[in-house]
There are 2 protein chains.
Amino acid sequence: MKSATQSALVFPETLSPATQALLDRADALCTRQGARLTQQRREILGLILSVNAPVGAYDLLEQMKTPDRRPAPPTVYRALDFLLEHGLIHRIERLSAFVPCTHLLHDDHAAGCNHDHDQDSICLHTAQFLICRSCKSVIEITNPSILDAVRTTCREQGFVIQSSSIEIEGLCAHCAAHRKTPAHQH
Amino acid sequence: MKSATQSALVFPETLSPATQALLDRADALCTRQGARLTQQRREILGLILSVNAPVGAYDLLEQMKTPDRRPAPPTVYRALDFLLEHGLIHRIERLSAFVPCTHLLHDDHAAGCNHDHDQDSICLHTAQFLICRSCKSVIEITNPSILDAVRTTCREQGFVIQSSSIEIEGLCAHCAAHRKTPAHQH
DNA sequence: AAAGGTATGTTATATTATCACATAAGCTGA
DNA sequence: TCAGCTTATGTGATAATATAACATACCTTT
């Protein structure tokens, strides 16, 4: 009776060249920030990058096990903390799971900033997620108008943002289209 | 060695008349929705209302214990699920804790709608929280422009919102003012 | 090599949440 | 009223997520 979660995540045997390239990029970003993307952190980021879904800490832990090595939870959590702090991944609160930051994947100016902001130098690295309850997909969106509205409100209140999460659960376009529309109520 | 959390929440011995009034109001709201605010649910909502802070499930559990009665976790979680479904409380994901919905406390039109929305009949009962890391205060804000921005984005994407949470962590105005402003970095 | 910071290993345990199954309580219609 | 249904609760066990505390290793600078 394994204690692993029942989630059917598929981890590839080996990392794709594309993933390797992203890891190299992440490495460069860390270096630029005076931080070290150690082998272990790199491994864990690699696992997160190579699964097309949010991954739980214990999924990672399972995946890291070999006959030789049985890492304990702190190993994973420490790496996750590092990756979070350096803006390489996000935690999705509602799922207690982790995904790569889209900026690492797509942006050209990726993580130009250094992420320990205070005052009103809020960096755009704030995450917004659409979580589909049906197909479990999670997509990260970056909508400046949401962010602006949040910023404005905080400024009005004198509240200093350090981090924020915006998580929207529902049905993605695809799943919504493939369901009989349920009765409306109001 | 109690397993209770170390949080120093203060629960009053008895409920204030104001809290009682809110409970009656909640009761009426439930009735209107064809649901029953049973004695147990009422008790738990009462506890949440009477603490001026987010409360964890196990805090509630501790508080409910008497020499006669040792409720188990499902008792609390079932009541919390009910209260969430009926829009009487919110869960703060980042804290794994619960607070009353401000609409119950303040609004006149409180929870006029019935909360199992689909399609684009998104009800305003969506929560937005400012969480102070220093003093641990949590305030719920209701900013239509944030909500509008979220709604617009979702509509563009074809995403059907079922629920959402917006959680902003940082320093409240008071705490921000009482700190030496730390060095800026960018 | 010594010293100091950073990173990792390891054991134990804390904290949060759910499952599964039994019992009770409230509601409805004959 | 009571049989039968639905809803609510009790109870024991356990799952899933996360951290504390302390030891060891590793890396860099002197």
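Remember, predicted model here, so these are calculated numbers, not experimental data.

Basis of the calculations
Residues numbered from 1 in each chain as written. Chains lettered and ligands numbered in written order. Predicted model: local features only at pLDDT ≥ 70, side-chain atom pairs only at ≥ 80, totals over all residues. Heavy atoms only, no water. Helix = DSSP H or I, 4+ residues; strand = E, 2+ residues; numbered from the N terminus. Buried < 20%, exposed > 50% of the residue type's maximum accessible area, 1.4 Å probe, protein only. Contact = heavy atoms within 4.5 Å. Areas by Shrake-Rupley, 256 points an atom, 1.4 Å probe, with all protein chains shown as cover. Core = buried A, V, L, I, M, F, W, Y, C linked by side-chain atoms within 4.5 Å. Pairing = 2+ DSSP bridges. Axes fitted to C-alpha atoms, helices over the stretch in contact; angles between N-to-C directions. Parallel < 35°, antiparallel > 145°, perpendicular 65-115°, else oblique. Left-handed = near helix turned anticlockwise from the far one by under 90°. Nonpolar A, V, L, I, M, F, W, Y, C, P; charged D, E, K, R; others polar. Phe/Tyr/Trp six-rings, centres within 6.5 Å; stacked < 30°, edge-to-face > 60°. Lys NZ or Arg CZ within 6 Å of the ring centre and 35° of its normal. Expected span 1.5 Å × (residues − 1). UniProt positions renumbered as here; feature names shortened; annotations may be inferred.

Before going further, it helps to spend a moment on the overall build of chain A. The secondary structure content of chain A amounts to seven helices and five strands. Going residue by residue from the N terminus, the α and β elements of chain A occur as α-α-α-α-β-β-α-β-β-α-β-α. Every one of the 186 residues in chain A was classed for burial, and the buried ones make up 48%. When contacts within chain A are restricted to residue pairs at least 6 apart in sequence, those whose partners lie at least 24 apart make up 62%. When the accessible area of chain A is evaluated, it comes to approximately 9,700 Å², of which 51% is carbon and sulfur surface.

Note on soluble globular proteins: their nonpolar side chains tend to be buried together. Counting 32 residues, the largest nonpolar core has Val150(A), Cys154(A), Ile168(A), Val150(B), Cys154(B) and Ile168(B) as its most contacted members. Broken down by secondary-structure element, the contributors of at least two residues to this core are β3 (127–132), α6 (144–157), β5 (160–171) and α7 (173–177) of chain A together with β3 (127–132), α6 (144–157), β5 (160–171) and α7 (173–177) of chain B. Not counting residues up to four positions away in its chain, the partners in contact with Cys154(B) are Leu130(A), Ile168(A), Phe159(B) and Ile161(B).

All names here are of chain A. Of all the six residues making up β3, six are buried; the element is thus mostly covered by neighbouring parts of the structure. Taking every second residue as pointing to the same face, both faces of β3 are buried, with Ala127, Phe129 and Ile131 on one and Gln128, Leu130 and Cys132 on the other. Bridging between β3 and β5 involves six bridges; their strand directions are parallel. Across the sheet, the residue bridging to Ile131 is Glu169, located in β5. As judged from the four bridges shared by β3 and strand β4 (residues 138–141), these two strands associate in the antiparallel manner. Residue Gln128 lies in a different strand from β4, and its bridge partner there is Ile141. Hairpin remark: β3 followed by β4, antiparallel, with five residues in the connecting loop; positive phi at Lys136, about 65°.

Take the sheet that holds β5(A) next. An order of β4(A)-β3(A)-β5(A)-β5(B)-β3(B)-β4(B) is seen for the six strands of this open sheet, with the pairing classed as mixed. Edge positions in the sheet fall to β4 of chain A together with β4 (138–141) of chain B, since each of these pairs with one other strand and no more. Neighbour-to-neighbour, the strand axes of this sheet turn through a mean angle of 20°, independent of strand direction. Contacts between α6(A) and the sheet are confined to β3 and β5 of chain A together with β3, β4 and β5 of chain B, with β5(A) contributing the most and set at about 135° to the helix.

On to the packing of helix α2 (residues 39–50) of chain B against helix α4 (residues 73–85) of chain B, then. Two quantities define a packed helix pair, namely the angle between the axes and the distance from one axis to the other. Residue and element names in this part refer to chain B. Orientation of α2 relative to α4, taken along the N-to-C sense of each, is 80°, at an axis distance of 9 Å. Judged by the inter-axis angle, α2 sits roughly perpendicular to α4. Note on element contacts: α4 touches α2 through Thr75, Val76, Ala79, Leu80, Phe82 and Leu83, opposite Gln40, Arg41, Ile44, Leu45 and Ile48.

Time to look at the packing of helix α3 (residues 57–64) of chain A against helix α4 (residues 73–85) of chain A. Residue and element names in this part refer to chain A. At a minimum axis distance of 9 Å, the contact between α3 and α4 shows a crossing angle of 120°. The two elements α3 and α4 cross, and the hand of that crossing is right-handed. Here Ala57, Tyr58, Leu60, Leu61 and Met64 of α3 lie close against α4, whose contacting residues are Pro73, Thr75, Val76, Tyr77 and Leu80. Among the residues making up the contact of α3 with α4, the classes are represented as nine nonpolar, one polar and no charged.

Turning next to the pairing of strand β1 (residues 89–92) of chain A. Residues and elements named next belong to chain A. Both β1 and strand β2 (residues 97–100) contribute to a ladder of four bridges, which runs antiparallel. Residue pairing for β2: His90 is matched across the bridge by Val99. Hairpin connection between β1 and β2: a loop of four residues separates the two successive antiparallel strands, and Ser96 in this loop has a positive phi of roughly 45°.

In this section: the packing of aromatic side chains. All names here are of chain A. Inspection of the entire model under this criterion finds two aromatic pairs over all chains. Seen from their ring centres, Tyr58 and Tyr77 are 6.3 Å apart, and the 65° between their planes marks the pair as edge-to-face. With Tyr58 in helix α3 and Tyr77 in helix α4, this residue pair connects regions lying 19 residues apart in the sequence. The ring of Phe82 carries Arg41 above its face, with NZ or CZ at 3.8 Å from the centroid.

Residues separated by three or four positions in an α-helix point in the same direction, a consequence of the helix having 3.6 residues per turn. Its 14 residues give α6(A) an end-to-end C-alpha distance of 20 Å, which sits within 8% of 20 Å, the value for a rise of 1.5 Å per residue. Taken together, the buried positions of α6(A) are Ile146(A), Leu147(A), Ala149(A), Val150(A), Arg151(A), Thr153(A) and Cys154(A). Buried residues along α6(A) sit against β3 and β5 of chain A together with β3, β4, α6 and β5 of chain B. Gly158(A) lies just past α6(A) and shows a positive phi near 75°.

Once that is clear, we can look at the UniProt feature "binding site: Zn(2+)" (unreviewed entry) in chain A. All names here are of chain A. Listed under "binding site: Zn(2+)" (unreviewed entry) in the UniProt record, and renumbered for this structure, are Cys132, Cys135, Cys172 and Cys175. Sequence-wise these annotated residues cover 44 residues; spatially they are packed, their C-alpha atoms never more than 8.1 Å apart. Relative to the helices and strands, Cys132 is located in strand β3. Mapped onto the secondary structure, Cys135 falls in the loop between β3 and β4.

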